[in-house]
Amino acid sequence: MLTYPNFAFDVLHRDQNGTRARIGRLVTPHGTIETPNYIFCGTKGAIKNLSPMQMREAGADIILGNTYHLMIQPGADLIERMGGLHEFNRWDGPMMTDSGGFQIFSMGHGGVADEIKGRSNNKARGKSLLEISEEGARFKSYWDGSILNLTPEESISIQRKVGADLIYQFDECTAYHVERSYTEESMHRSHRWGDRSIAEFERGHDGRQALYGIVQGGVYKDLRDISCAWTAEKPFFGTAIGGCLGGSTEEFYEITGWCMEKIHPDRPVHLLGIGAIRDIFACVRLGIDTFDCVSPTRIARHGWALTKGGSGRMNLRNAQYREDKEPLDASLGIPASAHFSRSYIHHLLKVGELLATQLIAQHNVAVMTRLMREIRAAIKNGTLDSLEREWIED
């Protein structure tokens with residue numbers, strides 16, 4: 001059995017109002033964080049528009065890097081020679097990397113988030129996946145057109161060289177529109193890939209990393225049950241819920257609920273690629289410990305600033321902010337949110353100044369870190385319902 005001597009996950013408090021919400025302590029070699037928490041996506045080795053120092057100023061505890069993109073540029077070997085991604089990008093806190101499986105799906109089907117969440121828009125974007133086989137995935141690099149292979153062994157090797165604390169088994173992320181027969185076939189292949197991921201991880205295990213297993217099975221309860229049982233009996237440190245999560249919000253919550261009834265109860269649970277505020281409240285109640293999503297920094301690049309209450313966000317490109325002297329949110333206590341008027345940021349957006357998206361990105365990170373701090377406090381105090389009403393307008 002694998003052990004993880006430099007890692008730990010302890011449940012400190014459970015919600016007393018009949019939900020699975022819980023407060024946890026997640027220990028890694030690069031620091032300890034409280035859960036529930038939000039993992040910010042530094043896909044290509046950097047958070048869009050923000051330095052590690054700005055992330056810390058905004059209250060971020062943990063970030064994520066992407067195996068697929070980092071293997072393509074600059075390459076895992078170079079990152080290893082530079083001392084690993086922590087040393088390379090100067091982030092000194094806990095870090096997670098995914099396995100590349102989500103990108104396999106993306107390359108095969110084009111529209112990523114829409115397909116995962118059941119919203120098929122049939123806008124395939126430059127499919128570069130050449131083959132998925134028992135061995136792994138073969139695809140064309142978007143960087144230079146070269147033919148690359150990603151296998152369970154190679155995925156673990158890349159993640160080891162990148163050096164993140166929390167890493168993932170290799171898997172395939174199936175889409176909403178595929179047949180049940182393919183979903184089942186893919187799930188079992190992901191399990192076999194998982195066994196190979198464990199074997200490769202164990203060969204080089206030195207206590208610096210911890211491995212997560214991934215629950216697949218699409219929208220089918222019996223397949224989800226099988227995959228939950230598979231992850232629970234394997235020597236993973238943590239569990240992630242992945243794959244297609246249905247065609248509606250109700251189905252998404254139902255599928256997540258199925259998984260939370262069956263997965264290993266003592267391991268940290270991550271929900272892959274989900275990060276909307278309403279979804280966080282719902283899934284915290286189901287027992288999810290960590291979330292990740294590109295949304296906070298992505299919407300910032302389009303001029304959207306997150307808010308507590310109201311509609312949940314404001315489009316600072318709109319004319320209504322042209323003469324608005326108010327800051328984004330002075331209560332957050334960081335200059336990006338407190339020192340610049342909405343009018344000024346509106347102006348920066350109109351003239352195309354990059355400072356605008358940097359300010360909004362840091363503000364959005366600060367909003368999300370405050371959300372998670374307040375959720376943890378509300379679980380302890382039994383006030384999660386009233387907190388949700390503060391954040392979300394019905």
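Everything below is about the structure shown above.
Residues numbered from 1 in each chain as written. Predicted model: local features only at pLDDT ≥ 70, side-chain atom pairs only at ≥ 80, totals over all residues. Heavy atoms only, no water.

A.B. asks: What is the right way to look at the sheet that holds strand β9 (residues 147-150) in this model?
C.D. replies: Hydrogen bonds along the backbone pair up the strands of a sheet, which may run parallel or antiparallel. The sheet built from three strands is open, its strands ordered β7-β8-β9 with antiparallel pairing. Among the strands making up the open sheet, the edge pair consists of β7 (129-132) and β9. Shown here is a sheet whose adjacent strand axes are inclined to one another by a mean of 15°, direction ignored. (Pairing = 2+ DSSP bridges. Helix = DSSP H or I, 4+ residues; strand = E, 2+ residues; numbered from the N terminus. Axes fitted to C-alpha atoms, helices over the stretch in contact; angles between N-to-C directions.)

A.B. asks: Mind showing me how you'd approach the packing of helix α14 (residues 342-351) against helix α15 (residues 354-381) here?
C.D. replies: A pair of packed helices is characterised by two quantities: the angle between their axes and the separation of those axes. α15 packs onto α14 with a crossing angle of 130° between their chain directions and a minimal axis gap of 7 Å. Taken together, the axes of α14 and α15 are oblique relative to one another. Judged by the sense of rotation from one axis to the other, the crossing of α14 with α15 is left-handed. Contact with α14, carried on its side by Tyr 344, Ile 345, Leu 348 and Leu 349, involves Leu 355, Ala 356, Thr 357, Leu 359 and Ile 360 of α15 and no other residues of that element. Its residues assigned to classes, the contact of α14 with α15 comprises eight nonpolar, one polar and no charged. (Parallel < 35°, antiparallel > 145°, perpendicular 65-115°, else oblique. Left-handed = near helix turned anticlockwise from the far one by under 90°. Contact = heavy atoms within 4.5 Å. Nonpolar A, V, L, I, M, F, W, Y, C, P; charged D, E, K, R; others polar.)

A.B. asks: Is there a simple way to think about unusual backbone geometry in this case?
C.D. replies: Outside of glycine, negative phi angles account for most residues, and trans bonds account for most peptide bonds. In the segment running from Thr 35 into Pro 36, the intervening peptide bond is cis, with an omega of 5°. Looking at where Pro 36 falls in the secondary structure, it is placed in the loop between β3 (31-35) and β4 (37-41). Going from Gln 73 to Pro 74, the amide bond is cis rather than trans, its omega being 10°. Topologically, Pro 74 is positioned in the loop between α2 (67-72) and α3 (76-81). Residue Asn 49 is not a glycine yet carries a positive backbone phi of 75°. Here Asn 49 shows up in the loop between β4 and α1 (52-57). Although it is not a glycine, Arg 90 sits at a positive phi angle of roughly 70°. As for its position among the elements, Arg 90 is in the loop between α4 (85-89) and β6 (95-97).

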